[in-house]
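Spelled out from the first residue to the last, the chains are:
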Amino acid sequence: MIHPRAAALLVLAIVLGGLLPIRLQAEPEVRVIVALADNASQGILPVPAEIGNGDDPANNLYWGCSEGLKSVFSASRDWKRTEVIPNPAPAVLERCVFVHRSGRLRLVADAYRGSQIRQGTVDFFAALSSDQPATELPLVAYLGHDGLMDFALPESATAGRSSQRAAIVLCCKSDAFFGPHLERIGARPILMTTQLMYPGAFILKAVLDGWMAGESREQLRERAARSYAANQKISVKAARGVFPSASP
């Protein structure tokens, strides 16, 4: 009979010798691009100065405020914040990494400086069309002001293909402004918007819950509508009008 310790050493030797290949598979990752609200550089209706400073993620409407991404996911029992990285890229002021309690999904969110909204939009399309397998990066989301109302997207931004990677775009009238570009690269939009709206991160949280459960696009739309209705104190019927129905 082989002693347990000897057996363990034998297995280790086989692994190190390359006779027993082991593949370490990380959990799939969702990327979220957040363009910080910025009164000075974006074509938005001005918000109070303390939440509309695109250089201040801690107090920004879309990041540090109670309904901003960092706050919403940090407060959720379903997600654990594992990293906060300051200035991970020239245009990014802060990155937060969250892991779902199930261990099945990792969320990486970047807070883009408000004046760098154009770069954030370009990077959103770059992530959608990256060479990373869709099994590893199945979904990319954008949250913030619709910068495509203010500037044209460079042709190079939609030169790649997305391998049917899923996309969520939470900004005003994203279906009209982002939709044609998503179609061009072959992305698969699962939640868009048709009206002027408030892109609170609570919408993204609600939709991700359903997406992880394998719900249909119409079910995700209903989740978005119900969360938006509760926040805005409007009817669910009115809130449904903010998000387009899935194509037949």
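Preceding this paragraph is the structure being described.
In this text the structure is predicted, and so the values were computed from the model without any measurement.

> Would you mind going over the nonpolar core in detail, with residue names and values included?
With 48 residues, the main nonpolar core has Leu-69, Ile-203 and Phe-243 as its most contacted residues. Leu-69 has contacts with Val-32, Val-34, Tyr-62, Trp-63, Phe-98, Ala-109, Ala-201 and Leu-204, leaving out every residue within four places of it along the chain. The next biggest cluster of nonpolar side chains, apart from the first, holds 26 residues, and it includes Ile-33, Leu-148, Val-169 and Ile-185.

> Before we move on, could you go through the sheet that holds strand 2 (residues 79-89) and cite the residues and values that matter?
Within the open sheet, the seven strands sit side by side as 2-3-4-1-5-6-7. Their pairing is mixed. A strand with exactly one partner marks an edge of an open sheet, and here the two such strands are strand 2 and strand 7 (188-191). Taking each pair of neighbouring strands and ignoring which way they run, the sheet shows an average axis angle of 20 degrees. Looking at chain direction, strand 1 (residues 29-35) and strand 5 (residues 139-143) are connected through five bridges and run parallel. Residue pairing for strand 5: Val-34 is matched across the bridge by Leu-143. Its contacts with the sheet put helix 3 (residues 117-128) on strand 1, strand 4 (106-112), strand 5 and strand 6 (166-170), and the angle it makes with strand 5 is roughly 165 degrees.

> Residue-level account of the pattern of salt bridges, with values.
For the structure shown, the criterion picks out 13 salt bridges. The closest approach of N and O atoms between Glu-94 and Lys-70, which form a salt bridge, is 3.1 Å. Of this pair, Glu-94 sits in strand 3 (residues 92-100) while Lys-70 sits in helix 2 (residues 69-75), and the two are 24 residues apart along the sequence. By relative accessible area, which is 14% here, Glu-94 ends up buried. Across the pair Asp-209 and Lys-205 runs a salt bridge, and its minimum N-O distance is 2.8 Å. Within this pair, Asp-209 and its partner Lys-205 are both found in helix 6 (residues 201-212), separated by four residues, close to a single helical turn. Asp-209 sits in the partly exposed class, given a relative accessible area of 24%. What you see here is one network of salt bridges that share partners, running through Asp-78, Arg-101, Lys-205 and Asp-209.

> Give a detailed account of the pairing of strand 3, specifying residues and quantitative values.
Buried residues dominate strand 3, accounting for seven of its nine residues. Bridge count between strand 2 and strand 3: eight bridges; the pairing is antiparallel. Residue Trp-79 lies in a different strand from strand 3, and its bridge partner there is His-100. In this antiparallel pair of consecutive strands, strand 2 and strand 3, the connection spans two residues. With seven bridges joining them, strand 3 and strand 4 adopt antiparallel strand pairing. From the neighbouring strand, Phe-98 faces strand 4, where its bridge partner is Leu-107. Hairpin geometry of strand 3 and strand 4 is characterised by an intervening segment of five residues between the two adjacent antiparallel strands and by a positive phi of about 80 degrees at Gly-103.

Rules of the game
Residues numbered from 1 in each chain as written. Predicted model: local features only at pLDDT ≥ 70, side-chain atom pairs only at ≥ 80, totals over all residues. Heavy atoms only, no water. Core = buried A, V, L, I, M, F, W, Y, C linked by side-chain atoms within 4.5 Å. Buried < 20%, exposed > 50% of the residue type's maximum accessible area, 1.4 Å probe, protein only. Contact = heavy atoms within 4.5 Å. Pairing = 2+ DSSP bridges. Helix = DSSP H or I, 4+ residues; strand = E, 2+ residues; numbered from the N terminus. Axes fitted to C-alpha atoms, helices over the stretch in contact; angles between N-to-C directions. Salt bridge = Lys/Arg side-chain N within 4 Å of Asp/Glu carboxyl O.

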